[in-house]
Every structure is written in C-alpha cells, then in structure tokens.
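An overview of the molecular structure
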Amino acid sequence: MNKRLKLTFALASLIAVVGMLFWQQQIRFENESVTINEITVPPVPALDAKEIAQGKEIYNQYCASCHGANLEGVPNWKIFQPDGTLLPPPHDSNGHTWHHPDVLLIQIISDGGLPENGNMPSYKEILSEDEMYAVLAFIKTSWGTKEREFQWWISYTQNHFYE
C-alpha cells in the first residue's frame, strides 16, 4: 500500500472508532439508569429540540443580559457584594444550577431569587410555566453528561420536597 492510502485508511479507522465511542456514550446516556448513593432512578430523559429552541429565544430575551449570552454568568459570582448579595451565576457546567432539582429552579424563575442571595426578578407574570421549562431545557444543553445525570437524579429524588 502506498503512504496516501495507508494514511486515508488510518484516518477513516480513527473516525470510525471515535464515532462508535460517541454513539455508545449517547446510548449509555439515554438508556441507562442513574445510580448515586445507591439510589437508582430511570434514565435521563432526552431533551426536546423544539423546546430547546424556544428556551434559547426566551433566555436571550430575558436572561442573557444578567447571566451572559453563553450562560457564563458574571465574573466573581461567588463573592458576596457590599450589599450582601451575589452576582448572577453561570448556568453552564461551571455554575451550580445543575445542583438543584427542576422544581426549585422553576420556582426561582417564577418567584425570583431570595433577596439575600441576589437580585433575580420574578418572571411569573411574564413567562408561562412551559416557557420556564423551555428555558431550563436550553440551559441543560450546556451541561456535561455527569452534570445532567446528577441534576436528573436530584430532580427525580427531591422534586417532591419543593412542591
């Protein structure tokens, strides 16, 4: 075999292996139960493309001005300000949004954040609950597999505490 053919074959093989690994990860992510602390919950539900697109539009209109166009939040968001509040956190994997169950996140969007934590306004008079869930679906697209699994697990096991 000549060098060019060998290189093409090697590149095609590499692409095939990477593709198979990605495909297997997607299948595992979508079809395997999540177990944390010996508590198993059903597989992470797939996100809906239409809901994500709607959520992105709503996020850009109402949330990006504080939380960043790329969900990056404000620098030094963990540092208390002189008035005792915190700045808007990132919503990507670098933040803590994924630490909370869906019901609590929807409650925060709806009612606003606690005054002692920041200046998150209430959106209950502006957004429907479906629109709030769409924003949350969009935010979830920025999380890695481990963050999605944990957030699903905590939502599944803890939502009833916030209802």
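Quick note: structure is the one above.
First, a word on what this report is: a plain description of the structure on this page. Bear in mind that the values here come from a model prediction, so they are computed numbers and not experimental data. (Residues numbered from 1 in each chain as written. Predicted model: local features only at pLDDT ≥ 70, side-chain atom pairs only at ≥ 80, totals over all residues. Heavy atoms only, no water.)

**Some details on the overall build of the protein**
Convention followed: Only DSSP runs of H or I with at least four residues qualify as helices, and only runs of E with at least two residues qualify as strands; both kinds are numbered from the N terminus onward. Buried means the residue's accessible area, taken with a 1.4 Å probe over protein chains only, is under 20% of the maximum for its type, while exposed means over 50%, and partly exposed covers the values in between. What makes two residues a contact is simply this: any of their non-hydrogen atoms within 4.5 Å. To measure how exposed things are, a 1.4 Å probe is used in the Shrake-Rupley method; for residues, cover is taken only from the protein chains shown.
When helices and strands are counted, the protein shows six helices and two strands. The order of helices and strands in the protein, counted from the N terminus, is α-β-β-α-α-α-α-α. Counting across all 163 residues of the protein, residues that qualify as buried make up 33%. When contacts within the protein are restricted to residue pairs at least 6 apart in sequence, long-range pairs at least 24 apart make up 57% of them. A total accessible area of about 10600 Å² is found for the protein, and carbon and sulfur atoms account for 59% of it.

**Brief notes about the packing of aromatic side chains**
Filter applied, for reference: Here is the rule: rings of Phe, Tyr and Trp (six-membered ring for Trp) pair when centre to centre is within 6.5 Å. Planes less than 30 degrees apart are stacked, more than 60 are edge-to-face, and the remainder are tilted.
Enumeration over the complete set of coordinates arrives at five aromatic pairs. Arranged with centres 5.9 Å apart and planes meeting at 70°, the rings of tyrosine 62 and tyrosine 123 form a pair that is edge-to-face. A residue pair is termed long-range when its members are at least 10 positions apart, and tyrosine 62 in helix H2 (residues 49–62) and tyrosine 123 in the loop between helix H4 (102–111) and helix H5 (129–140) qualify at 61 residues. Judged by relative accessible area, tyrosine 62 falls into the partly exposed class, the value being 26%. The structure contains a cluster of three or more aromatic residues connected by ring pairs, namely Trp98, Phe150 and Trp153.

**Brief notes about the nonpolar core**
Worth spelling out the cut-off: Side-chain atoms within 4.5 Å link the members of a nonpolar core, which is a set of buried Ala, Val, Leu, Ile, Met, Phe, Trp, Tyr and Cys residues.
Tyr59, Ile109, Leu127, Val135 and Ile139 are the most contacted members of the largest nonpolar core, which has 19 residues in total. Counting only elements with at least two residues in this core, the list comes to H2, H4 and H5. Setting aside residues up to four positions removed in sequence, valine 135 forms contacts with Gly55, Ile58, Tyr59 and Cys63.

**Examining the packing of H4 against H5**
Using the following cut-off: Every axis corresponds to a line fitted to the C-alpha atoms, with the helix fit spanning only the stretch in contact, and the corresponding angles, defined between N-to-C directions, vary from 0 to 180 degrees. Here the angle decides the label: under 35 degrees means roughly parallel, over 145 means roughly antiparallel, 65 to 115 means roughly perpendicular, and every other value means oblique. Two helices crossing with the near one rotated counterclockwise from the far one by less than a right angle form a left-handed crossing, whereas a clockwise rotation gives a right-handed crossing. Nonpolar residues are Ala, Val, Leu, Ile, Met, Phe, Trp, Tyr, Cys and Pro. Charged residues are Asp, Glu, Lys and Arg, and all others, Gly as well, are polar.
For the pair H4 and H5, the least separation of the axes is 10 Å and the interaxial angle reads 120°. The orientation of H4 with respect to H5, classified from their angle, is oblique. Crossing handedness for the pair H4 and H5: right-handed. Contacts between H4 and H5 pair Asp102, Leu105, Ile106, Ile109 and Ser110 from the former with Glu129, Met132, Tyr133, Leu136 and Lys140 from the latter. Looking at side-chain class alone, the contact of H4 with H5 contains six nonpolar, one polar and three charged residues.

**A word on unusual backbone geometry**
Even without being a glycine, glutamate 38 presents a positive backbone phi close to 65°. Relative to the helices and strands, glutamate 38 resides in the loop between strand S1 (34–36) and strand S2 (39–41). Despite not being glycine, asparagine 76 has its phi angle at roughly 60°, a positive value. Relative to the elements of secondary structure, asparagine 76 occurs in the loop between helix H3 (64–67) and H4.

**Some points on H4**
Across the 10 residues of H4, seven count as buried, placing the element largely inside the fold. Taken residue by residue, H4 has Asp102, Val103, Leu104, Leu105, Ile106, Ile109 and Ser110 as its buried positions. Looking one or two residues past H4, glycine 112 carries a phi angle of roughly 90°, positive in sign.

**Digging into the pattern of salt bridges**
Note the threshold: What counts as a salt bridge is simple: a side-chain nitrogen of Lys or Arg found within 4 Å of a carboxyl oxygen of Asp or Glu.
Under the counting rule described, the total for this entry stands at three salt bridges. Lysine 146 is the partner of glutamate 149 in a salt bridge, and the nearest nitrogen-oxygen pair spans 4.0 Å. One end of the pair is glutamate 149 and the other is lysine 146, both in helix H6 (residues 145–162) and three residues apart, which spans about a single turn. Of the residues examined, glutamate 149 reaches a relative accessible area of 11% and is grouped as buried. We classify lysine 146 as exposed; its relative accessible area is 60%.

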